[in-house]
Amino acid sequence: MFSPRAQNPALAAALICTACAFIAATMLIAKSLGSDQFGPALHPLQISNGRFVFALLCLSLAASVVRPKVTRPHMRWHVARTSAGWAGVTLMFASVAYIPLADATAITFLNPVFGMVLAIPLLGEKVGRVRWTAAAVALVGAMVLLRPTPESFQPAALLALGAAAIMGLELIFIKRLSGREGAFQILLINNALGVVISTLAVIAFWQPPTLAQWGLMGALGLLMACAQTCFVNAMARADASFVAPFSYLTLLFAALYDGIFYDVIPDGVTIVGACIIVAGALLLGLREAWLRRSGRPVTVSGTATTPLPAPDPD
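Residues numbered from 1 in each chain as written. Predicted model: local features only at pLDDT ≥ 70, side-chain atom pairs only at ≥ 80, totals over all residues. Heavy atoms only, no water.

Student: What is the right way to look at the pattern of salt bridges in this model?
Tutor: Side chains that differ in sign of charge can pair as their charged atoms come close. With the rule as written, the count across this model stands at three salt bridges. For the salt bridge of Arg-147 with Asp-267, the shortest nitrogen-to-oxygen distance reads 2.9 Å. One end of the pair, Arg-147, is in the loop between helix H6 (129-146) and helix H7 (157-177); the other, Asp-267, is in the loop between helix H11 (249-262) and helix H12 (268-294), and 120 residues separate them in sequence. Since its relative accessible area comes to 36%, Asp-267 is described here as partly exposed. Because the salt bridges share partners, they merge into one network encompassing Asp-103, Arg-147 and Asp-267. (Salt bridge = Lys/Arg side-chain N within 4 Å of Asp/Glu carboxyl O. Helix = DSSP H or I, 4+ residues; strand = E, 2+ residues; numbered from the N terminus. Buried < 20%, exposed > 50% of the residue type's maximum accessible area, 1.4 Å probe, protein only.)

Set out below in C-alpha coordinates:
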(Lines give C-alpha, C1' and ligand atoms only; values in the text may rest on other atoms or scores of the structure.)
Protein backbone atom coordinates (compact mmCIF):
# COMPACT_ATOMS: atom_id res chain seq x y z
CA MET A 1 0.00 0.00 0.00
CA PHE A 2 2.79 2.41 0.90
CA SER A 3 5.85 0.46 -0.23
CA PRO A 4 8.09 1.73 -3.06
CA ARG A 5 6.56 1.20 -6.48
CA ALA A 6 7.78 1.17 -10.08
CA GLN A 7 7.72 4.62 -11.68
CA ASN A 8 4.38 5.30 -13.36
CA PRO A 9 3.89 9.03 -14.05
CA ALA A 10 0.41 8.60 -15.55
CA LEU A 11 -0.86 6.79 -12.47
CA ALA A 12 0.91 9.28 -10.21
CA ALA A 13 -0.89 12.15 -11.95
CA ALA A 14 -4.24 10.38 -11.58
CA LEU A 15 -3.59 9.74 -7.88
CA ILE A 16 -2.58 13.31 -7.09
CA CYS A 17 -5.61 14.67 -8.98
CA THR A 18 -7.83 12.36 -6.94
CA ALA A 19 -6.13 13.55 -3.75
CA CYS A 20 -6.85 17.15 -4.79
CA ALA A 21 -10.54 16.36 -5.26
CA PHE A 22 -10.65 14.73 -1.82
CA ILE A 23 -8.84 17.60 -0.10
CA ALA A 24 -11.12 20.23 -1.61
CA ALA A 25 -14.08 18.09 -0.51
CA THR A 26 -12.81 18.08 3.09
CA MET A 27 -12.72 21.87 3.03
CA LEU A 28 -16.26 21.94 1.67
CA ILE A 29 -17.41 19.64 4.49
CA ALA A 30 -15.62 21.81 7.06
CA LYS A 31 -17.42 24.84 5.64
CA SER A 32 -20.76 23.04 6.03
CA LEU A 33 -20.00 21.95 9.59
CA GLY A 34 -18.93 25.49 10.50
CA SER A 35 -22.29 26.87 9.38
CA ASP A 36 -25.81 26.09 10.58
CA GLN A 37 -26.63 24.16 7.43
CA PHE A 38 -26.97 20.77 9.17
CA GLY A 39 -27.51 21.91 12.76
CA PRO A 40 -25.92 24.40 15.17
CA ALA A 41 -22.52 25.41 13.78
CA LEU A 42 -19.66 23.35 15.22
CA HIS A 43 -16.56 25.00 16.63
CA PRO A 44 -13.45 24.63 14.40
CA LEU A 45 -11.77 22.70 17.23
CA GLN A 46 -14.57 20.14 17.13
CA ILE A 47 -14.35 19.85 13.35
CA SER A 48 -10.60 19.21 13.47
CA ASN A 49 -11.15 16.69 16.27
CA GLY A 50 -13.63 14.80 14.09
CA ARG A 51 -11.15 14.91 11.21
CA PHE A 52 -8.43 13.23 13.30
CA VAL A 53 -10.72 10.72 15.03
CA PHE A 54 -12.29 9.34 11.87
CA ALA A 55 -9.06 9.46 9.85
CA LEU A 56 -7.36 7.42 12.59
CA LEU A 57 -10.18 4.87 12.48
CA CYS A 58 -9.72 4.49 8.72
CA LEU A 59 -5.94 4.19 8.95
CA SER A 60 -6.18 1.72 11.86
CA LEU A 61 -8.44 -0.51 9.78
CA ALA A 62 -5.94 -0.30 6.93
CA ALA A 63 -3.09 -1.12 9.31
CA SER A 64 -4.89 -4.25 10.51
CA VAL A 65 -4.93 -5.48 6.91
CA VAL A 66 -1.59 -4.20 5.61
CA ARG A 67 0.38 -4.79 8.85
CA PRO A 68 3.14 -2.29 8.01
CA LYS A 69 6.64 -2.63 9.40
CA VAL A 70 7.01 -0.34 12.41
CA THR A 71 10.33 1.12 13.53
CA ARG A 72 11.15 3.13 16.63
CA PRO A 73 9.53 6.55 16.12
CA HIS A 74 11.15 9.88 16.92
CA MET A 75 8.33 11.05 19.18
CA ARG A 76 9.64 14.57 19.81
CA TRP A 77 9.47 15.41 16.12
CA HIS A 78 6.13 13.63 15.76
CA VAL A 79 4.60 15.68 18.57
CA ALA A 80 5.98 18.92 17.13
CA ARG A 81 4.80 18.06 13.62
CA THR A 82 1.31 17.00 14.74
CA SER A 83 0.86 20.04 16.99
CA ALA A 84 1.65 22.34 14.08
CA GLY A 85 -0.54 20.33 11.70
CA TRP A 86 -3.47 20.34 14.12
CA ALA A 87 -3.20 24.11 14.67
CA GLY A 88 -2.93 24.75 10.94
CA VAL A 89 -5.90 22.61 9.95
CA THR A 90 -8.03 24.11 12.75
CA LEU A 91 -7.33 27.63 11.51
CA MET A 92 -8.07 26.51 7.97
CA PHE A 93 -11.41 25.01 8.98
CA ALA A 94 -12.21 28.25 10.80
CA SER A 95 -11.43 30.38 7.75
CA VAL A 96 -13.53 28.45 5.23
CA ALA A 97 -16.68 29.19 7.25
CA TYR A 98 -16.30 32.86 6.34
CA ILE A 99 -14.44 33.20 3.04
CA PRO A 100 -14.73 31.43 -0.33
CA LEU A 101 -13.03 28.04 -0.59
CA ALA A 102 -10.94 29.26 -3.52
CA ASP A 103 -9.51 32.13 -1.47
CA ALA A 104 -8.68 29.93 1.51
CA THR A 105 -7.14 27.25 -0.70
CA ALA A 106 -4.99 29.72 -2.60
CA ILE A 107 -3.67 31.26 0.61
CA THR A 108 -2.62 27.84 1.92
CA PHE A 109 -0.35 27.51 -1.12
CA LEU A 110 1.93 29.87 0.79
CA ASN A 111 2.99 27.07 3.13
CA PRO A 112 6.18 26.22 1.16
CA VAL A 113 7.07 29.92 1.22
CA PHE A 114 6.76 30.06 5.00
CA GLY A 115 8.63 26.74 5.20
CA MET A 116 11.48 28.23 3.19
CA VAL A 117 11.67 31.31 5.41
CA LEU A 118 11.51 29.31 8.65
CA ALA A 119 14.21 26.90 7.41
CA ILE A 120 16.73 29.75 7.59
CA PRO A 121 16.77 30.12 11.41
CA LEU A 122 15.60 26.58 12.27
CA LEU A 123 17.65 24.50 9.84
CA GLY A 124 20.43 26.92 8.97
CA GLU A 125 19.60 26.80 5.27
CA LYS A 126 20.66 29.49 2.82
CA VAL A 127 18.19 31.03 0.40
CA GLY A 128 19.22 32.64 -2.86
CA ARG A 129 17.74 35.49 -4.87
CA VAL A 130 15.51 33.30 -7.03
CA ARG A 131 13.76 31.77 -4.05
CA TRP A 132 13.39 35.12 -2.30
CA THR A 133 11.85 36.46 -5.50
CA ALA A 134 9.44 33.51 -5.64
CA ALA A 135 8.47 34.11 -2.00
CA ALA A 136 7.89 37.81 -2.66
CA VAL A 137 5.68 37.03 -5.66
CA ALA A 138 3.57 34.59 -3.65
CA LEU A 139 3.17 37.06 -0.79
CA VAL A 140 1.98 39.73 -3.22
CA GLY A 141 -0.73 37.28 -4.29
CA ALA A 142 -1.72 36.82 -0.65
CA MET A 143 -2.04 40.57 -0.21
CA VAL A 144 -4.32 40.70 -3.24
CA LEU A 145 -6.55 37.99 -1.75
CA LEU A 146 -6.67 39.81 1.60
CA ARG A 147 -8.25 42.74 -0.26
CA PRO A 148 -6.55 45.29 2.02
CA THR A 149 -9.01 48.17 1.68
CA PRO A 150 -11.52 49.32 4.31
CA GLU A 151 -14.41 48.33 2.06
CA SER A 152 -13.28 44.85 1.02
CA PHE A 153 -10.80 43.61 3.67
CA GLN A 154 -11.47 40.00 4.71
CA PRO A 155 -10.41 39.54 8.36
CA ALA A 156 -11.14 35.80 8.13
CA ALA A 157 -8.50 35.51 5.42
CA LEU A 158 -5.95 36.16 8.16
CA LEU A 159 -6.98 32.80 9.62
CA ALA A 160 -6.01 31.10 6.36
CA LEU A 161 -2.77 33.07 6.30
CA GLY A 162 -2.03 31.92 9.84
CA ALA A 163 -2.80 28.35 8.78
CA ALA A 164 -0.30 28.61 5.92
CA ALA A 165 2.38 29.95 8.27
CA ILE A 166 1.88 27.15 10.81
CA MET A 167 1.80 24.52 8.05
CA GLY A 168 5.08 26.00 6.86
CA LEU A 169 6.47 25.29 10.33
CA GLU A 170 5.11 21.76 10.03
CA LEU A 171 7.24 21.28 6.91
CA ILE A 172 10.35 21.77 9.04
CA PHE A 173 9.35 18.85 11.25
CA ILE A 174 8.34 16.74 8.27
CA LYS A 175 11.83 17.20 6.85
CA ARG A 176 13.26 15.91 10.11
CA LEU A 177 11.10 12.79 9.85
CA SER A 178 11.37 12.13 6.12
CA GLY A 179 13.57 9.21 5.21
CA ARG A 180 13.80 8.05 8.84
CA GLU A 181 10.43 6.33 9.13
CA GLY A 182 7.94 4.69 6.80
CA ALA A 183 5.17 6.83 5.30
CA PHE A 184 2.38 4.71 6.78
CA GLN A 185 3.96 4.84 10.23
CA ILE A 186 4.21 8.63 9.99
CA LEU A 187 0.56 8.91 8.99
CA LEU A 188 -0.62 6.58 11.73
CA ILE A 189 1.35 8.30 14.49
CA ASN A 190 0.37 11.73 13.19
CA ASN A 191 -3.33 10.94 13.35
CA ALA A 192 -3.07 9.16 16.71
CA LEU A 193 -1.33 12.15 18.28
CA GLY A 194 -3.81 14.42 16.51
CA VAL A 195 -6.68 12.64 18.26
CA VAL A 196 -5.07 13.20 21.66
CA ILE A 197 -4.24 16.87 21.06
CA SER A 198 -7.54 17.77 19.42
CA THR A 199 -9.59 15.93 22.08
CA LEU A 200 -7.90 17.83 24.91
CA ALA A 201 -8.41 21.12 23.04
CA VAL A 202 -12.10 20.58 22.24
CA ILE A 203 -13.36 19.61 25.70
CA ALA A 204 -14.52 23.13 26.57
CA PHE A 205 -16.16 23.66 23.17
CA TRP A 206 -17.69 20.24 22.42
CA GLN A 207 -21.40 20.08 21.66
CA PRO A 208 -23.55 17.10 20.62
CA PRO A 209 -23.51 16.97 16.80
CA THR A 210 -26.63 16.16 14.84
CA LEU A 211 -26.83 12.85 13.01
CA ALA A 212 -26.01 14.63 9.75
CA GLN A 213 -22.98 16.30 11.34
CA TRP A 214 -21.71 12.95 12.63
CA GLY A 215 -21.98 11.61 9.11
CA LEU A 216 -20.14 14.61 7.68
CA MET A 217 -17.33 14.29 10.20
CA GLY A 218 -17.03 10.62 9.31
CA ALA A 219 -16.83 11.57 5.64
CA LEU A 220 -14.25 14.25 6.50
CA GLY A 221 -11.98 11.71 8.17
CA LEU A 222 -12.45 9.12 5.42
CA LEU A 223 -11.72 11.60 2.64
CA MET A 224 -8.63 12.87 4.45
CA ALA A 225 -7.31 9.33 4.92
CA CYS A 226 -7.97 8.61 1.23
CA ALA A 227 -6.24 11.85 0.21
CA GLN A 228 -3.21 10.93 2.30
CA THR A 229 -3.08 7.48 0.74
CA CYS A 230 -3.36 8.84 -2.80
CA PHE A 231 -0.72 11.48 -2.16
CA VAL A 232 1.83 9.10 -0.64
CA ASN A 233 1.36 6.58 -3.44
CA ALA A 234 1.63 9.30 -6.08
CA MET A 235 4.94 10.44 -4.59
CA ALA A 236 6.16 6.83 -4.70
CA ARG A 237 5.45 6.55 -8.44
CA ALA A 238 6.93 9.79 -9.78
CA ASP A 239 9.35 12.58 -8.90
CA ALA A 240 8.05 15.37 -6.68
CA SER A 241 8.82 17.90 -9.43
CA PHE A 242 6.40 16.02 -11.73
CA VAL A 243 3.66 15.57 -9.11
CA ALA A 244 3.74 19.07 -7.61
CA PRO A 245 2.07 21.07 -10.43
CA PHE A 246 -0.95 18.74 -10.44
CA SER A 247 -1.61 19.57 -6.78
CA TYR A 248 -2.77 23.05 -7.74
CA LEU A 249 -5.92 21.43 -9.09
CA THR A 250 -7.10 21.63 -5.48
CA LEU A 251 -7.87 25.27 -6.19
CA LEU A 252 -10.04 24.37 -9.19
CA PHE A 253 -11.92 21.71 -7.24
CA ALA A 254 -12.48 24.13 -4.35
CA ALA A 255 -13.88 26.77 -6.70
CA LEU A 256 -16.05 24.15 -8.42
CA TYR A 257 -17.50 22.85 -5.15
CA ASP A 258 -18.12 26.38 -3.86
CA GLY A 259 -19.97 27.22 -7.07
CA ILE A 260 -22.09 24.06 -7.01
CA PHE A 261 -23.03 24.02 -3.33
CA TYR A 262 -22.88 27.69 -2.32
CA ASP A 263 -23.32 29.57 -5.62
CA VAL A 264 -20.00 31.34 -5.00
CA ILE A 265 -18.24 32.24 -8.24
CA PRO A 266 -14.60 33.40 -8.00
CA ASP A 267 -14.30 37.10 -8.79
CA GLY A 268 -11.47 38.84 -10.58
CA VAL A 269 -9.57 39.53 -7.35
CA THR A 270 -9.64 35.84 -6.40
CA ILE A 271 -8.44 34.75 -9.83
CA VAL A 272 -5.62 37.31 -9.97
CA GLY A 273 -4.47 36.65 -6.40
CA ALA A 274 -4.58 32.88 -6.82
CA CYS A 275 -2.61 33.05 -10.08
CA ILE A 276 0.09 35.20 -8.46
CA ILE A 277 0.45 32.82 -5.49
CA VAL A 278 0.58 29.76 -7.75
CA ALA A 279 3.18 31.48 -9.94
CA GLY A 280 5.38 32.16 -6.93
CA ALA A 281 4.98 28.62 -5.56
CA LEU A 282 5.69 27.10 -8.97
CA LEU A 283 8.82 29.22 -9.29
CA LEU A 284 9.98 27.72 -5.99
CA GLY A 285 9.18 24.24 -7.26
CA LEU A 286 11.01 24.73 -10.55
CA ARG A 287 14.03 26.07 -8.70
CA GLU A 288 14.14 23.02 -6.44
CA ALA A 289 13.72 20.68 -9.42
CA TRP A 290 16.70 22.35 -11.12
CA LEU A 291 18.75 21.96 -7.95
CA ARG A 292 17.94 18.24 -7.84
CA ARG A 293 18.98 17.73 -11.45
CA SER A 294 22.22 19.60 -10.87
CA GLY A 295 22.99 17.58 -7.75
CA ARG A 296 22.98 20.61 -5.47
CA PRO A 297 21.41 20.64 -1.96
CA VAL A 298 17.66 21.24 -1.82
CA THR A 299 16.00 23.38 0.86
CA VAL A 300 12.96 22.49 2.90
CA SER A 301 10.75 24.26 0.35
CA GLY A 302 11.73 21.53 -2.07
CA THR A 303 10.07 18.95 0.17
CA ALA A 304 6.73 20.70 -0.11
CA THR A 305 6.17 22.49 -3.38
CA THR A 306 2.58 21.32 -3.10
CA PRO A 307 -0.17 22.71 -0.88
CA LEU A 308 -0.38 19.30 0.77
CA PRO A 309 1.74 19.28 3.87
CA ALA A 310 3.40 16.04 2.84
CA PRO A 311 2.88 13.25 3.51
CA ASP A 312 -0.20 14.30 5.43
CA PRO A 313 -2.43 16.86 3.67
CA ASP A 314 -3.93 17.80 7.01
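Student: Just to check I follow, could you spell out the packing of aromatic side chains for this structure?
Tutor: The way to describe two aromatic rings as a pair is by their centre distance and the angle between their planes. One pass over the full model with this rule turns up three aromatic pairs. Arranged with centres 6.2 Å apart and planes meeting at 35°, the rings of Phe-253 and Tyr-257 form a pair that is tilted. Highlighted residues: Phe-253 and Tyr-257, both in helix H11, separated by four residues, approximately one helical turn. Here Phe-253 falls in the partly exposed class, since its relative accessible area comes to 23%. The ring of Tyr-262 has Lys-31 lying over it, and the distance from NZ or CZ to the ring centre is 5.4 Å. Over the face of the ring belonging to Trp-77 we find Arg-76, whose NZ or CZ atom lies 5.2 Å from the ring centre. (Phe/Tyr/Trp six-rings, centres within 6.5 Å; stacked < 30°, edge-to-face > 60°. Lys NZ or Arg CZ within 6 Å of the ring centre and 35° of its normal.)

Student: Would you explain the packing of helix H1 (residues 9-33) against H11 in this entry?
Tutor: Packing of H1 against H11 leaves a shortest axis separation of 8 Å and a crossing angle of 40°. Between H1 and H11, the interaxial angle falls into the category oblique. Relative to H11, the crossing made by H1 is right-handed. Contacts between H1 and H11 involve Cys-17, Cys-20, Ala-21, Ile-23, Ala-24, Ala-25, Leu-28, Lys-31 and Ser-32 from the former and Leu-249, Thr-250, Phe-253, Ala-254, Tyr-257, Asp-258, Phe-261 and Tyr-262 from the latter. (Axes fitted to C-alpha atoms, helices over the stretch in contact; angles between N-to-C directions. Parallel < 35°, antiparallel > 145°, perpendicular 65-115°, else oblique. Left-handed = near helix turned anticlockwise from the far one by under 90°. Contact = heavy atoms within 4.5 Å.)

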